[in-house]
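Survey of secondary and tertiary structure
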Amino acid sequence: MVDGVMVHPSDGEALKHFNSVHPHFSVESRNVRLGLCTDGFNPFGSFAAPYSCWPVILMVYNLPPGMCMRSEFMFLSMVIPGSSSPRRNIDVCLRPLIDELTQLWSFGALTYDISRKQNFVIRAALMWTINDFPSYGMVSS
């Protein structure tokens, strides 16, 4: 790694550190490393009645750099609608997703690998969130 050169997160120091701390997770290459992003917008424009829409998107970072940011590999996990920003209540809305991610981290889920024609237990880890600063403040409340 060269200082001052941008690299894909899958080649970064954070992922290398994660792999060294959690070898039980990193030994299975089919386990999924995820990024979560969210931000709000008004789908009716700035002059319409006040309304807020917060899509929560999961991205898979196991994919090559050219694929992981393409829309067909981004997963809309939920949409948080409302008359305004969810602010401090965003954790209530995110609770089902966090519970499911916790289960996928702790126990995994039985799934089928068609290329190997076998069942296996897949696990998932939420590696990071990607937000602007106001959204970051809400998500990390």
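Here the structure is shown first, and the text comes after it.
In this report, the structure presented in the accompanying data block is examined.

Procedures and definitions
- Residues numbered from 1 in each chain as written.
- Predicted model: local features only at pLDDT ≥ 70, side-chain atom pairs only at ≥ 80, totals over all residues.
- Heavy atoms only, no water.
- Core = buried A, V, L, I, M, F, W, Y, C linked by side-chain atoms within 4.5 Å.
- Buried < 20%, exposed > 50% of the residue type's maximum accessible area, 1.4 Å probe, protein only.
- Helix = DSSP H or I, 4+ residues; strand = E, 2+ residues; numbered from the N terminus.
- Contact = heavy atoms within 4.5 Å.
- Phe/Tyr/Trp six-rings, centres within 6.5 Å; stacked < 30°, edge-to-face > 60°.
- Salt bridge = Lys/Arg side-chain N within 4 Å of Asp/Glu carboxyl O.

Focus on the nonpolar core
Membership of the largest hydrophobic core comes to 17 residues, with the highest contact counts inside it found for Val32, Leu34, Val56, Met78, Ile80, Leu94 and Leu97. Among the elements of the structure, β1 (32-38), β2 (52-60), β3 (74-82), α4 (90-106) and β5 (118-122) are those that each provide at least two residues to this core. With near-sequence residues (within four places) excluded, isoleucine 80 lies in contact with Ser52, Cys53, Trp54, Val56, Pro86, Ile90, Cys93 and Leu94. Core analysis: the second largest hydrophobic core is formed by 10 residues, Leu15, Phe25, Ala125 and Trp128 among them.

Regarding the packing of aromatic side chains
Tallying each qualifying case throughout the model produces 4 aromatic pairs. Relative to tryptophan 105, the ring of phenylalanine 18 has its centre 5.9 Å away and its plane inclined at 55 degrees; by these criteria the two rings are tilted. Here the residue phenylalanine 18 occupies a position in helix α1 (residues 13-21), and tryptophan 105 occupies one in helix α4, the gap between them amounting to 87 residues. Here phenylalanine 25 and tryptophan 105 contribute two aromatic rings whose centre-to-centre distance is 5.3 Å and whose plane-to-plane angle is 35 degrees, an arrangement assigned as tilted.

So, the environment of glycine 45
With respect to the helices, strands and loops of the structure, glycine 45 is situated in the loop between β1 and β2. Residue classification places glycine 45 among the partly exposed positions, given a relative accessible area of 29%. Through-space distance from the C-alpha of glycine 45 to that of phenylalanine 25 is 44 Å; in sequence the pair is 20 residues apart.

Examining the pattern of salt bridges
Tallied over the full model, the rule gives 5 salt bridges. The partner of glutamate 28 in a salt bridge is arginine 30, and the shortest N-O contact between them spans 2.8 Å. One salt bridge in this structure joins arginine 116 and aspartate 113, with 3.8 Å as the shortest N-O distance. Residue class for aspartate 113 comes out buried when judged on its relative accessible area of 10%. Taken together, the shared-partner salt bridges connect Glu28, Arg30, Asp113 and Arg116 into one network.

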